[in-house]
Amino acid sequence: MTANSAQADEPIIGQASVVDGDTIEVAGERIQLSGVDAPEGWQVCLDEKGLDYRCGDEAASALDAFLAASRPTRCELVKRDRYGRFVGTCFRADGKDVNRWLVETGNAIDREEHSKGVYADAQATARSAGAGIWRSQFGQLCPAPPGRVNGGPTC
């Protein structure tokens, strides 16, 4: 599929490259992973010892390794967002749901207002296991204000 012919009702299949922890690019199209929200690359979280770590970079690296383990990636698209990216759910070649994996490993949170709770069980599992961003003080991070997707920190 070429980028010019991509429609929301057709899946996009190809080798995925990671833009950030919840956005990938496949066949020249940026795809925002539906129903999940990962920290931005510049975001800092506190680890179990209360020390800063770049949780956004960590989420993106984990996603890259997960996708590389089973290629190609297939994305079922829903719509385009206000930034022109497709929004969808993606799957590795082995059938694993990428969006769900991000939440259940603690590399992203469930965006309930968009997912309608589809990933609530995955988030509860990650939180109770202290996985990823849930391993310590996730609530204490430098937040990404709405509309500041590619911006830097405000704190």
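The shown structure was predicted, so the numbers you read here are calculated from the model rather than taken from an experiment. (Residues numbered from 1 in each chain as written. Predicted model: local features only at pLDDT ≥ 70, side-chain atom pairs only at ≥ 80, totals over all residues. Heavy atoms only, no water.)

A. Here's a closer look at the packing of aromatic side chains. Applying the stated criterion across every chain yields a total of one aromatic pair. Taking the centre distance of 4.0 Å and the plane angle of 10° together, the rings of Phe-66 and Trp-101 count as stacked. One end of the pair, Phe-66, is in helix 1 (residues 55-68); the other, Trp-101, is in helix 2 (residues 98-104), with 35 residues separating them in the sequence. The class of Trp-101 is buried, set by a relative accessible area of 16%. The ring of Phe-86 is capped by Arg-80, whose NZ or CZ atom sits 3.9 Å from the centre of that ring. Its end group placed over the ring of Tyr-53, Arg-135 keeps NZ or CZ at 3.9 Å from the ring centre. (Phe/Tyr/Trp six-rings, centres within 6.5 Å; stacked < 30°, edge-to-face > 60°. Helix = DSSP H or I, 4+ residues; strand = E, 2+ residues; numbered from the N terminus. Buried < 20%, exposed > 50% of the residue type's maximum accessible area, 1.4 Å probe, protein only. Lys NZ or Arg CZ within 6 Å of the ring centre and 35° of its normal.)

B. Main features of the pairing of strand 8 (residues 73-80). Pairing between strand 1 (residues 12-14) and strand 8: three bridges, direction antiparallel. Note that in strand 8 the partner of Ile-13 across the bridge is Arg-74. Across six bridges, strand 8 lies against strand 9 (residues 86-91) in antiparallel orientation. Within strand 9, the position partnered with Cys-75 by the bridge is Cys-90. Connecting strand 8 to the next strand, strand 9, in antiparallel fashion are five residues, including Gly-84 with a positive phi near 85°. (Pairing = 2+ DSSP bridges.)

C. Spotlight on the sheet that holds strand 2 (residues 16-20). Read from one edge to the other, the open sheet built from six strands follows the order 1-8-9-4-3-2, with strand pairing classed as mixed. A single partner strand is all that each edge strand has here, and the edge strands are strand 1 and strand 2. For this sheet the average axis-to-axis angle between neighbouring strands, irrespective of direction, equals 40°. One ladder, built from four bridges, connects strand 3 (residues 23-26) with strand 4 (residues 29-33); its direction is antiparallel. Bridge pairing in strand 4 places Thr-23 opposite Gln-32. Contacting strand 2, strand 3, strand 4 and strand 8, helix 1 runs over the sheet at an angle of about 170° to strand 2. (Axes fitted to C-alpha atoms, helices over the stretch in contact; angles between N-to-C directions. Contact = heavy atoms within 4.5 Å.)

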